Amino acid sequence: MPVIKLSVPNISCHHCIKAITTELMDIEGIRDISADAGKKEMLVTYESPATEAVILTTLQQINYPATPI
Ligand SMILES: [Cu+2]
């Protein structure tokens, strides 16, 4: 199953992580999310029909633009 590591500069606290997790878990195919508020990074495990593009677009839409690292 693919895992992407993302830099998400707008993460500032655990509330951000909760909001992001809620939003991403609504996408079919997202299997796991772990985030580090200190590093402003997250790991997303996913499978079809989810794609990296869908994940990045969703994060952009909720104002947490992300960059794969
Ligand atoms: Cu926050």
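Before any of the text, the structure's been laid out above.
Since we're looking at a predicted model, the values are computed, not measured.

Asks: Help me understand the side chain of Thr 45, please; the structure alone is not making it clear to me.
Replies: Residue placement: Thr 45 occurs in strand β3 (residues 41–46). What Thr 45 contacts, discounting residues up to four positions off in sequence, is Met 1, Pro 2, Val 3, Gly 29, Ile 30, Arg 31 and Asp 32.

Asks: Help me understand the coordination of the copper ion, please; the structure alone is not making it clear to me.
Replies: Octahedral metal centres with six donors ideally show angles of 90 or 180 degrees, and tetrahedral centres with four donors ideally show 109.5 degrees. Looking at the copper ion, the protein donor atoms are Cys 13 (SG) and Cys 16 (SG), and they sit 2.1 Å from it. Residue Cys 13 is classed as partly exposed on the basis of its relative accessible area of 32%.

Asks: Would you take a moment to explain helix α1 (residues 14–25) for this structure?
Replies: Residues separated by three or four positions in an α-helix point in the same direction, a consequence of the helix having 3.6 residues per turn. With 12 residues, α1 should cover 16 Å at 1.5 Å per step; its first-to-last C-alpha distance of 16 Å lies within 8% of that length. What α1 keeps buried is the set Cys 16, Ile 17, Ile 20 and Leu 24. In a view along the axis of α1, the buried residues occupy a sector of 95°, so they form one face of it. Counted as exposed and oriented over 90 degrees from the buried face of α1: His 14, His 15, Lys 18 and Thr 22. Elements in contact with the buried residues of α1: β2 (30–36), β3 and α2 (52–61).

Cut-off values and rules
- Residues numbered from 1 in each chain as written.
- Predicted model: local features only at pLDDT ≥ 70, side-chain atom pairs only at ≥ 80, totals over all residues.
- Heavy atoms only, no water.
- Helix = DSSP H or I, 4+ residues; strand = E, 2+ residues; numbered from the N terminus.
- Contact = heavy atoms within 4.5 Å.
- Donors = N, O, S within 2.8 Å, 3.2 Å for Na, K, Ca; no water.
- Buried < 20%, exposed > 50% of the residue type's maximum accessible area, 1.4 Å probe, protein only.
- Expected span 1.5 Å × (residues − 1).
- Arc of directions from axis to C-beta.

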